[in-house]
Amino acid sequence: MKKLLIIFILVLCGCQSKVVTEDEKIKIIVATDMHYYLKEYYEECDWYEDYVAMGDGKMITYGDQIMDDFIQSVIKEKPDLLLITGDITLNGEYGSHQEMAKRLSVLNDYGIEVAVMPGNHDIDNIFTKGYGKENNFKVENTSVEQFRNLYKNLGYHLSTSTHTESLSYEIQINSQYSLLLIDSNTHTLTSGSALDNGGKISESTYEWIEERLSVIQKEGRIPLVSLHHNITDHNELLNSSYTLRDNQRFVDLLNQYGVKFTLTGHIHAQNIKQIDGIYDIVTSSLVVAPLQYGVLEIDSGNVNYYTQQIETDIESNDYFLMVSSNRFEESFEAITDEDVREKMKDVLVKTNLYYFGGTLADHKDEIMSMEGYPYFFLEEGEKLGFYVSYLNSMLSETLNHNALSFSLYQSK
Ligand SMILES: [Fe+2]
């Protein structure tokens with residue numbers, strides 16, 4: 001009778017407690033920046049494949065296979081939740097979002113909940129377009145409301161609090177943990193030149209975050225925080241344009257409520273850095289070699305994060321080496337000796353591969369013993385300018401970024 005009365009009261013006030021799992025031990029898969037692009041937007045274009053192979057290593061034309069293999073990997077992993085930290089689509093095409101929502105919904109049939117948030121490419125994108133036989137063609141982009149509606153069963157249905165002025169929301173993982181999915185995109189693009197790379201948390205979002213952190217604290221739960229943009233610089237050359245604007249204010253707020261780590265994406269590289277004692281765990285892009293996702297397990301306050309590659313027969317490392325080589329081609333023409341040029345290029349291409357996968361610290365000796373390495377510090381290096389700094393910035397990594405364990409109860 002008492003139980004019935006409680007249920008009646010909960011239904012009456014519309015505040016049913018929605019938890020993702022009743023278990024104390026939780027497992028969350030974090031995937032990000034898959035930049036899915038619906039095939040019909042480029043299948044008529046003969047040169048699209050070559051065009052992408054000059055890009056940044058995203059395996060856009062493999063999107064369908066990667067998603068198929070990824071979904072199978074997630075089903076095998078049986079997490080409580082799949083968290084996607086933004087840049088779900090290439091450039092916010094409505095059709096790409098629609099297809100992703102359909103594909104992700106399959107996981108619900110296996111009892112796996114999914115929660116998404118938008119990245120800087122997903123909403124009101126002014127670069128949304130298709131590639132036809134001869135010309136680009138117009139493609140519908142996606143508004144804030146369309147996003148909320150498309151993913152209504154992929155995160156928003158679990159929300160225990162929703163911020164109406166952004167796409168931020170909160171979900172309760174179990175009796176101990178609440179997860180904030182923070183929308184760090186401004187949705188107010190005017191020029192579109194940088195697609196708001198740095199991201200911004202609006203005043204009203206700040207108010208909502210503070211209110212939620214305070215409620216979570218009062219109710220005795222531990223807050224987990226995720227957002228698309230990074231809360232600190234991860235590389236001296238990839239810094240201000242990728243890190244959340246006014247990040248110190250955000251970091252101070254998280255520290256005030258004892259948040260120990262954030263889950264982010266955006267830079268496509270696997271990287272973990274600390275700022276004022278908070279770990280910013282960046283999972284690399286799902287469609288960039290080695291096609292990996294993060295696994296976050298929390299048991300009795302012990303956090304264990306590690307990466308896992310999707311089970312696939314796609315040769316992503318070869319693809320990434322090929323694209324990096326294409327990209328560096330022109331700049332390396334400054335090196336006249338062909339043999340030296342190729343050897344130097346091999347060094348940078350390989351360093352890039354390990355850097356993006358987060359394993360460079362384990363491969364430093366291999367890089368430094370390559371035949372082309374010493375040339376970067378001789379007169380040949382002077383001809384490359386930026387690339388010597390780029391190589392050095394990557395090689396300054398001293399840690400492996402594919403695993404991290406710590407206790408939520410440990411003081412910093
Ligand atoms: Fe991004």
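Residues numbered from 1 in each chain as written. Predicted model: local features only at pLDDT ≥ 70, side-chain atom pairs only at ≥ 80, totals over all residues.

Describing the overall build of the chain
Scanning the chain for helices and strands turns up 12 helices and 15 strands. Its C-alpha atoms give the chain a radius of gyration of 22 Å, within 12% of the compact-globule value 22 Å for 412 residues. Expressed as lengths along the three principal axes of its C-alpha atoms, the size of the chain is roughly 85 × 55 × 40 Å. Taking all 412 residues of the chain together, the buried fraction comes to 44%. For the chain, the proportion of contacts with a sequence separation of at least 24, taken over those separated by at least 6, is 74%. (Helix = DSSP H or I, 4+ residues; strand = E, 2+ residues; numbered from the N terminus. Rg over C-alpha atoms; globule rule 2.2 N^0.38 Å. Buried ≥ 20, exposed ≤ 12 C-beta atoms within 10 Å, placed from the backbone. Contact = placed C-beta atoms within 7 Å.)

Here's the deal with the domain arrangement of the chain
Examined at the domain level, the chain breaks down into domain 1 (2-309) and domain 2 (316-395). Computed from C-alpha coordinates alone, the two centres of domain 1 and domain 2 are separated by 32 Å. Listed per partner, the contact involves 18 residues of domain 1 and 17 residues of domain 2. (Domains from an automatic or database assignment.)

A short note on the pairing of strand 12 (residues 278-282)
Of all 5 residues in strand 12, 5 are buried, a share of seventy percent or more. The two faces of strand 12 match: I278, D280 and V282 on one face and Y279 and I281 on the other face are all buried. With 4 bridges joining them, strand 10 (residues 261-264) and strand 12 adopt parallel strand pairing. In the sheet register, T262 faces strand 12, and the bridge partner there is D280. Here strand 11 (residues 271-275) folds back onto strand 12, and the loop between the two strands holds 2 residues, one of which, D276, carries a positive phi near 45°. (Pairing = 2+ DSSP bridges.)

Things to note about the environment of V323
Tracing the backbone through its elements, the reader meets V323 in helix 8 (residues 316-332). Along the chain, V323 and D56 lie 267 residues apart, while their C-alpha atoms are 7.1 Å from each other. Setting aside its immediate chain neighbours within four residues, V323 contacts A53, G55 and G57.

A word on helix 9 (residues 338-357)
Here helix 9 spans 29 Å end to end across 20 residues, near enough to the 28 Å set by a 1.5 Å rise per residue. Within helix 9, burial applies to M344, K345, V347, L348, K350, T351, N352, L353, Y354, Y355, F356 and G357. For helix 9, the secondary structure elements touched by its buried residues are helix 8, helix 10 (364-368), helix 11 (379-382) and helix 12 (386-395). Immediately downstream of helix 9, the backbone of G358 shows phi near 85°, a positive value. (Expected span 1.5 Å × (residues − 1).)

Here we look at the sheet that holds strand 15 (residues 403-407)
In sheet architecture, strand pairing relies on hydrogen bonds along the backbone and comes in two forms, parallel and antiparallel. Pairing within the open sheet is mixed, and its 6 strands lie in the order 3-2-1-13-14-15. In this open sheet, the two edge strands, each paired with only one partner strand, are strand 3 (113-116) and strand 15. Between one strand and the next, the sheet's axes are offset by a mean angle of 20°, whatever the strand orientation. Sheet topology places strand 1 (residues 26-31) next to strand 2 (residues 81-84); 4 bridges connect them, and they run parallel. Within strand 2, the residue paired with A31 across the bridge is I84. (Axes fitted to C-alpha atoms, helices over the stretch in contact; angles between N-to-C directions.)

Section: unusual backbone geometry
Going from A289 to P290, the amide bond is cis rather than trans, its omega being 5°. Structurally, P290 is set in the loop between strand 12 and strand 13 (292-299). Positive phi, normally seen in glycine, also occurs at D33, with a value near 50°. Mapped onto the fold, D33 is located in the loop between strand 1 and helix 2 (48-52).

Considerations on helix 12
Residues Y390, L391 and M394 constitute the buried set of helix 12. For helix 12, the arc enclosing every buried residue in end-on projection is 100°, short of the 170-degree limit, so these residues lie on one face. At its buried positions, helix 12 is contacted by helix 9. (Arc of directions from axis to C-beta.)

Describing the sheet that holds strand 8 (residues 177-182)
Spatially, 6-7-8-9-10-12-11 is the arrangement adopted by the 7 strands of the open sheet, whose pairing is mixed. Looking at the sheet topology across the chains shown, the edges are occupied by strand 6 (159-162) and strand 11. On average, each strand axis in the sheet is tilted by 20° relative to the strand beside it, whichever way the strands run. Of the strands in this sheet, strand 6, strand 7 (169-172), strand 8 and strand 9 (222-227) touch helix 6 (residues 203-218), which is tilted by about 175° from strand 8.

A short note on the confidence of the model for the chain
Averaged over all residues, the pLDDT of the chain is 92; the fraction at 70 or higher stands at 92%. Every residue in residues 1-15 is under pLDDT 50, and counting partners more than four places away or in other chains gives 3 contacts. (pLDDT = per-residue confidence, 0-100.)

Comments concerning the packing of helix 9 against helix 12
Two numbers describe how helix 9 lies on helix 12: the axes approach to 10 Å, and their chain directions differ by 40°. Our pair here, helix 9 against helix 12, has a crossing hand that is left-handed. From helix 9, L348, T351 and Y355 reach across to helix 12, where they touch Y387, L391, M394 and L395. (Left-handed = near helix turned anticlockwise from the far one by under 90°.)

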